[in-house]
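Results of the structural survey
Each chain, letter by letter, is given below.
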Amino acid sequence: MLPSLKADVCVIGGGQSALAVAYFLRRGSIDYVVLDDQPMPGGAWQHTWNSLRLFSPAQWSSLPGWLMPPDTEEYPSRDHVIQYLAEYERRYQFHVHRPARVSSVRRSDAGLLVESSQGRWLAKAVVSATGTWRKPYIPEYPGQSLFQGRQLHSANYRNSNDLQCKNVLVIGGGNSGAQILAEVSQVCNATWVTLEEPLFLPDEVDGRVLFERATARWKARSEGRPDPAPIGGLGDIVMVPSVKEARARGALHTVRPFSRFERDGVVWPDGSFSPVDVVIWCTGFRPALDHLDALEVHESNGLVATDGTRAKREQRLWLVGYGEWTGFASATLIGVMRSARETANQIAQFLSTIREGSAS
Ligand code: FAD
């Protein structure tokens, strides 16, 4: 059965990364379509907890072409980000189809076949911008299946309303762990479990400084110079107001991991037992790449080998927004611009070689 739909470029995913790519494709008058499985704009931001705030001020969290308007507070709320992304989409009238879930991308003589819940697309080039929210990562602990308490990942945490006076473990030492610990420790008996002492950035260091450091590193690397940046990367904890407030309350105390789960709690290395009602895993994510399985481009570590954002084992495939392996700070609003622009330029070149090839 021939594909019913065609586009020069098919962008899979409709979050900030996809919109940044669409901005540059549109600017280059390249024929593209964006397929997003969410019913509304906003990507993963729609699924974060209610009190989440950006770790950079609005103007340091902007996509290409349009500065994020300031929020009422210095660090914008997740609702403000969702509104910005929805407005950004409307402003540039991107060709977004949603909800359109892509189940697979396959090779064919005529191009790449993209199977989606809204039909099959034949594309000359594909950009995967599906983010990580769909792939929360939970490490294994002995006895986990015995534990009868509630477990949830930060991807599914919304607020602390149902945690009053409970014994809660918050596991993970990054920004999610710090911000969720800061919130839940106000209403319950919270214990923050981290593999090592978390790295809290100085109060004056926020996302803009981190972006400047990532840019300095990116520049040095592209010029073959050694890394200039002092410690401090996007995984280190930015002292946003809620985390500062928790520090003032003495709540930012961490403990090293327990030895094992039991039915209604955990046992620590010294053999002592603590009752636990709820575990909140703030243990990060993995890239959502299952839809690329048929292309067999994955490496043993689950990532896709790329040259910048272009897949090494499929020259018609680009990957944007997954973090450092697809470009410095590429998993941030301001950081994704560089790799989105590079991707659109490479695709423009690629399409013109196809045109020249077919013309000759
Ligand atoms: P997503 O936002 O996840 O969008 C991907 C879209 O693709 C989603 O709509 C998804 O449903 C869809 N999709 C997935 N699979 C398919 C499929 N098979 N078919 C169709 N559609 C699909 N970034 C900042 O810039 N500043 C911050 O302050 C900041 N703070 C953060 C704090 C926390 C706690 C976390 C977890 C992240 C933070 N980030 C921040 C990072 C930012 O939220 C993410 O990196 C960003 O959402 C990634 O954007 P994306 O477009 O790549 O992916």
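Around the ligand, the surrounding shell holds 29 residues, and the nearest of these are Ser17, Asp37, Phe55, Ala331 and Leu333. In the model, an oxygen atom of the ligand is placed 2.9 Å from a nitrogen or oxygen of the Gln38 side chain. The backbone of Leu333 places a nitrogen or oxygen atom 2.6 Å from an oxygen atom of the ligand. For the ligand, whose unbound accessible area comes to 990 Å², protein coverage reaches 91%.

This part is about the sheet that holds strand S7 (residues 150-153). Strands sit in the order S7-S14-S8-S9-S10 across an open sheet of five strands; the sheet is parallel. The two strands at the open ends of the sheet, each matched to only one other strand, are S7 and strand S10 (254-255). Summarising the sheet, S7 and strand S14 (residues 278-281) pair through four bridges and their orientation is parallel. Bridged to His153 within S14 is Trp281. Here helix H3 (residues 175-184) sits on the sheet in contact with strand S8 (167-171), strand S9 (189-193) and S14, set at roughly 165° to S9.

Next up on the list: the packing of aromatic side chains. Across all of its chains, the model carries 18 aromatic pairs by this definition. On the basis of an interplanar angle of 25° and a centroid distance of 5.5 Å, the ring pair of Tyr322 and Trp325 is categorised as stacked. For Trp325, a relative accessible area of 23% corresponds to the partly exposed category. Connected via pairs of aromatic rings, a cluster forms that spans Tyr23, Phe24, Trp66, Tyr84, Tyr88, Tyr92 and Phe94. Here Arg286 stacks its cationic end above the ring of Tyr137, 3.9 Å away from the centre of that ring.

All right, on to the domain arrangement of the protein then. Taken domain by domain, the protein holds domain 1 (4-135 + 286-359) and domain 2 (144-200 + 237-281). Relative placement of domain 1 and domain 2: their C-alpha centres are 33 Å apart. Contacts between the two partners involve 11 residues from domain 1, matched on the other side by 14 residues from domain 2. At the boundary of domain 1 with domain 2, the tally comes to zero salt bridges. Across the contact surface, domain 1 and domain 2 share four residue pairs in polar contact (both at pLDDT 80 or more). A breakdown of the residues in the side of domain 1 that touches domain 2 according to their chemical character gives six nonpolar, four polar and one charged.

The rules behind the values
- Residues numbered from 1 in each chain as written.
- Predicted model: local features only at pLDDT ≥ 70, side-chain atom pairs only at ≥ 80, totals over all residues.
- Heavy atoms only, no water.
- Near = heavy atom within 4 Å.
- Polar contact = N/O pair within 3.5 Å; in protein donor to acceptor, adjacent residues only side chain to side chain.
- Areas by Shrake-Rupley, 256 points an atom, 1.4 Å probe, with all protein chains shown as cover.
- Pairing = 2+ DSSP bridges.
- Helix = DSSP H or I, 4+ residues; strand = E, 2+ residues; numbered from the N terminus.
- Contact = heavy atoms within 4.5 Å.
- Axes fitted to C-alpha atoms, helices over the stretch in contact; angles between N-to-C directions.
- Phe/Tyr/Trp six-rings, centres within 6.5 Å; stacked < 30°, edge-to-face > 60°.
- Buried < 20%, exposed > 50% of the residue type's maximum accessible area, 1.4 Å probe, protein only.
- Lys NZ or Arg CZ within 6 Å of the ring centre and 35° of its normal.
- Domains from an automatic or database assignment.
- Salt bridge = Lys/Arg side-chain N within 4 Å of Asp/Glu carboxyl O.
- Nonpolar A, V, L, I, M, F, W, Y, C, P; charged D, E, K, R; others polar.

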